[in-house]
Amino acid sequence: MAATPESRPPHAAAPVAAAGLNNAQMEAVHHLDSPCLVLAGAGSGKTRVITYKIVRLLQHGLAPRNIAAITFTNKASQEMRERAKQLVGAKAAKDLAISTFHSLGVRMLREDGAKLGLKTQFSILDSDDVMGVLKDAGGATDNKLARQWQWTISLWKNTGITSDMAPSVAKDADEQVAARVMKLYEERLTAYGAVDFDDLISFPLKLLQRDEEARAKWQKLFQHVLVDEYQDTNAVQYELLKQLVGDPQRARFTAVGDDDQSIYGWRGATIDNLKRLPAEYPTLKVIPLEQNYRSTSAILRAANEVIALNPKIFVKKLWSDLGDGEPVQVLQCDGEEHEAERAVARIQALRGNDGRVKFSDFAVLYRANHQSRVFEQKLRGAQIPYKVSGGQSFFDRAEIKDLCGWLRLIVNEDDDPAFLRAVTTPKRGIGHTTLGALSEFAGKWKVSMFEALFAESLGTALKSKAIDGLHEFGRYVNEFQDKAKTTIGAEAAKPMLMAWLKDIGYEQHLHDGEDSEKVAQARWGNVLDFVDWVAKRCGGEITQEGGTFESEKKSVLEIAQSISVILSLAERGDDLEVVTLSTLHASKGLEWPHVVLAGINEGLLPFRSDSEEMTVERLEEERRLMYVGITRARQTLAVSTLRRRKKGRETIAGVPSRFIAEMKLNEAKAHEDPRERLRKLRESIAAKTASAPPTAAT
């Protein structure tokens, strides 16, 4: 495989030797002869290793298109591509196959999905689309029940369990029902020519397992595969990786992960994938990265003590040369309000002591979304700007996605996922059988579903009653599109949008779909906020605090055309000067100079509900979550615990989490006698005074 100097492409010239990597990182970058597992501890520079290994592979003679780097989030993928571009240049970086597992799955299915019976332009259903199909398949009106089916079916898919296998693995009567629904759900997806998020992994795996030609093609294309956050892979992703790299004796891949940061067991990730590698790849080289470039020694000591109580697959211990730093603090708080007040006071004090400290240097991390509410209240009261990560964004709400689906459809009638969402939300008597036949007809003639519903020959595939219903919907979409094109300015946009919602019966749809009147009203409130949001962007005279302002008038259709851009801008906030409030799960991969871990109590972290048993495996995962939280901090870490905490409508006594004792902070303080520290400080000041040069006054 190695290339001669003359044959090396120009983009591979950047020398890795001058990269400033430590010895372990260099070893990982230069190991090319067999599979490699890089145990990248928190803050140990794993992204740097991956990007420099890409450079090394290019130097070794691989073409950019022959290198696949797989990540778990679009953000990580973009960051990796940006770093690679800086090292190898824009042209080479463009051809690298850097993507998420799901994006890679889409690429494979677009190219070869026909071998599985998929049409090239298959639709990808999001979580809310899936809920609608599941409710239809199971004959359910209860969102909670449909959501439970969704979780169960998703977990089965991520562990490789098919609808044929589901009845035999179902643990109780509820899961038996879920197994029957899974079969009907998959039949509907096939009829719609659609896949869900989990299918983007399981279908490519099925493709490679069943089709020798496709398997040979993708194995030949990807001659080295790098996988980031390997500990987060599930059983199906592991099998997909095995199929991509081929024969264990000739396989070439680099898995980068950390068994101490495996925290996604609830969505199918399994630490067993780390255990399987040495057994299935006998020539596997294991390289631990133990030097941490992020945190002080005091913070790392606490992290190492906690995680040491979990059984080890591979031994490693983080260390840092950044100095001991401030001791980790435990804050005893009377209750949630007091805890939030102390966090705010801490932010204000640290900023007051050092003018260089910014709001964006702080994060408050917690186990569950509901814990953010009181922190938001106290931060607003102190006029401290903040953002919430890991909770549900306004634009992720089902009702907002419904309306965006309609707007997407009037912009692009060939958007099949938008068509499916609009035609079924609210329901209009067009069932899955009709939509399945329409999808099949559209696939046969290689047109979109919207275009197909006006085809003269549609009568060969559907009965006239079904066609009448589709035509009525199609005419309404065209009318709505015309109105959106001719409605200009905020003043005209709002009544036009409200009339549209009345036409389609959306308020009634929300009430019909919710058991709780209060929840339905809250969702309708979100819809009204969205209408205001869209209308204001249509421009004209807008009265706000501070006066009346004039902006350029635009049509509703123009705003709809830019809706995806507006949404992405609305979601951006990484560079804002704000305090971050985040769940521990959402904080993974991030870091801040100053961190508060909130609600570190038994029942919250480790989390336990009354109906669940705290198994050994669950406790180990909760401990890994605590470890992730600790290692987000760079300079200071405060851990707050509640003497009393709310549980539902009750207030109960708070028990400090066992993880606080496991940090062994008291042992670290044992050799820090305050009197001894004061004596040394006085001696140091006296020594400095004695050695200071005489001033002009003496």
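Residues numbered from 1 in each chain as written. Predicted model: local features only at pLDDT ≥ 70, side-chain atom pairs only at ≥ 80, totals over all residues. Heavy atoms only, no water.

## Examining the overall build of the protein chain
The line we're drawing: Runs of H or I in DSSP of at least four residues are treated as helices and runs of E of at least two as strands, each being numbered from the N terminus. Whether a residue is buried, partly exposed or exposed follows from its accessible area with a 1.4 Å probe, protein chains only, as a fraction of its type maximum: under 20%, in between, or over 50%, in that order. Throughout, a contact is declared for two residues whenever any of their heavy atoms are within 4.5 Å. For every accessible area listed, the method is Shrake-Rupley and the probe measures 1.4 Å; residues are considered covered only by the protein chains on display.
Looking only at helices and strands, one finds 31 helices and 18 strands in the protein chain. Here the protein chain holds 698 residues, and the buried ones make up 50% of them. Restricting to contacts in the protein chain with at least 6 residues of sequence separation, those with at least 24 account for 76%. Surface summary for the protein chain: the accessible area is close to 34,200 Å², and the carbon and sulfur share equals 51%.

## Concerning the pattern of salt bridges
Quick note on the threshold: We count a salt bridge whenever a side-chain nitrogen from Lys or Arg sits within 4 Å of a carboxyl oxygen from Asp or Glu.
What the rule picks out here adds up to 46 salt bridges. Note that Asp532 and Lys494 form a salt bridge whose closest N and O atoms lie 2.9 Å from each other. On the criterion of sequence distance, the pair formed by Asp532 in helix α24 (residues 517-537) and Lys494 in helix α22 (residues 490-503) is long-range, its members being 38 residues apart. The residue Glu591 makes a salt bridge to Arg634 at a minimum N-O spacing of 3.7 Å. Of this pair, Glu591 sits in the loop between α27 (584-587) and β15 (592-597) while Arg634 is found in strand β16 (residues 633-642), placing the two residues 43 residues apart along the sequence.

## A few points about empty space enclosed by the protein
For the record, the criterion: Only protein atoms enter the 1 Å grid used here, on which a cavity is any set of points holding a 1.4 Å probe that cannot leave and a pocket is any open set flanked by protein within 12 Å on both sides along at least five of seven lines; residues with an atom within 4 Å of a point are listed as lining. Grid points are joined across faces, edges and corners, and a volume is the space filled by probe spheres set on the points. In this count, Pro and Cys sit with the nonpolar residues alongside Ala, Val, Leu, Ile, Met, Phe, Trp and Tyr, while Asp, Glu, Lys and Arg are called charged and the others, Gly among them, polar.
Tallied over the full model, the rule gives one cavity of 30 Å³ or more. What the largest cavity holds in volume is close to 30 Å³. Counting residues per element, the ones that place at least two in the lining of the largest cavity are α15 (336-353) and α16 (372-381). No other element matches the four residues that α15 contributes to the lining of the largest cavity. A breakdown of the residues in the lining of the largest cavity according to their chemical character gives eight nonpolar, no polar and one charged.

## Points about helix α13 (residues 272-280)
Put simply, the test is: Working note: the arc is built from the helix axis to C-beta atom directions.
The complete set of buried residues in α13 reads Asn273, Leu274 and Leu277. Across the axial projection of α13, the buried residues extend over an arc of 105°, all falling on one side.

## Side note on the environment of Leu87
On the secondary structure map, Leu87 appears in helix α3 (residues 74-88). Classification of Leu87 by relative accessible area gives partly exposed; the value is 24%. Distance from Leu87 to Thr51, taken between C-alpha atoms, is 8.0 Å for residues 36 residues apart in sequence.

## With respect to the nonpolar core
To be explicit about the condition: Buried residues of nine kinds, namely Ala, Val, Leu, Ile, Met, Phe, Trp, Tyr and Cys, make up a nonpolar core once their side-chain atoms join them within 4.5 Å.
Ranked by internal contacts, the top residues of the largest apolar core, which has 72 residues, are Trp406, Phe419, Phe473 and Trp500. Sorting elements by how many residues they give to this core places helix α21 (residues 464-486) first, with eight residues. The residues touching Trp500, leaving out its near neighbours within four places in the chain, are Leu403, Trp406, Tyr476 and Phe480. Counting 34 residues, the second-largest nonpolar core is a separate cluster that includes Ala42, Ala302, Val306 and Leu584.

## A short note on α22
Going by this rule: Helix span, as expected, comes to 1.5 Å for every residue beyond the first.
The terminal C-alpha atoms of α22, which comprises 14 residues, lie 20 Å apart, in line with the 20 Å expected from a rise of 1.5 Å per residue. When α22 is considered as a whole, its buried residues turn out to be Ala490, Ala493, Met496, Leu497, Trp500 and Leu501. When α22 is viewed along its axis, its buried side chains cluster within an angular range of 140° and face the same direction. Structural note: α22 exposes Glu491 and Lys502 on the side pointing more than 90 degrees away from its buried face. Directly beyond the C-terminal end of α22, a positive phi value near 65° is found at Gly505.

## What about the layout of surface pockets?
Of the volumes computed, that of the second largest pocket is approximately 820 Å³. Looking at the second largest pocket, it is lined by 33 residues, and the ones nearest its centre are Glu186, Thr190, Asp199, Phe203 and Lys206. Of all the secondary-structure elements, those providing two or more residues to the lining of the second largest pocket are α9 (173-192), β5 (194-195), α10 (199-210) and α19 (432-445).

## A look at the packing of aromatic side chains
To keep it simple, the criterion reads: Only centres within 6.5 Å qualify two rings of Phe, Tyr or Trp (six-membered ring in Trp) as a pair; their planes then separate them into stacked at under 30 degrees, edge-to-face at over 60, and tilted for everything else. Counting as a charge over the ring demands two things of the Lys NZ or Arg CZ atom: a distance within 6 Å of the ring centre and an angle within 35 degrees of the ring normal.
A complete count under the given rule lists 13 aromatic pairs for this structure. Ring centres of Phe253 and Tyr281 lie 5.0 Å apart, and the angle between their planes is 80°; on these two criteria the pair is classed as edge-to-face. Taken as a pair, Phe253 in strand β7 (residues 253-257) and Tyr281 in the loop between α13 and β8 (285-289) lie far apart in primary sequence, 28 residues in all. With respect to burial, Phe253 and Tyr281 carry one shared label: buried. Arranged with centres 6.3 Å apart and planes meeting at 80°, the rings of Phe419 and Phe450 form a pair that is edge-to-face. One end of the pair, Phe419, is in helix α18 (residues 416-424); the other, Phe450, is in helix α20 (residues 449-452), and 31 residues separate them in sequence. Phe450 shares its class with Phe419; the two are buried. Following the ring pairs from residue to residue traces out a cluster consisting of Trp406, Phe419, Phe450, Phe454, Phe473, Tyr476, Phe480 and Trp500. Here Arg351 stacks its cationic end above the ring of Phe359, 3.8 Å away from the centre of that ring.

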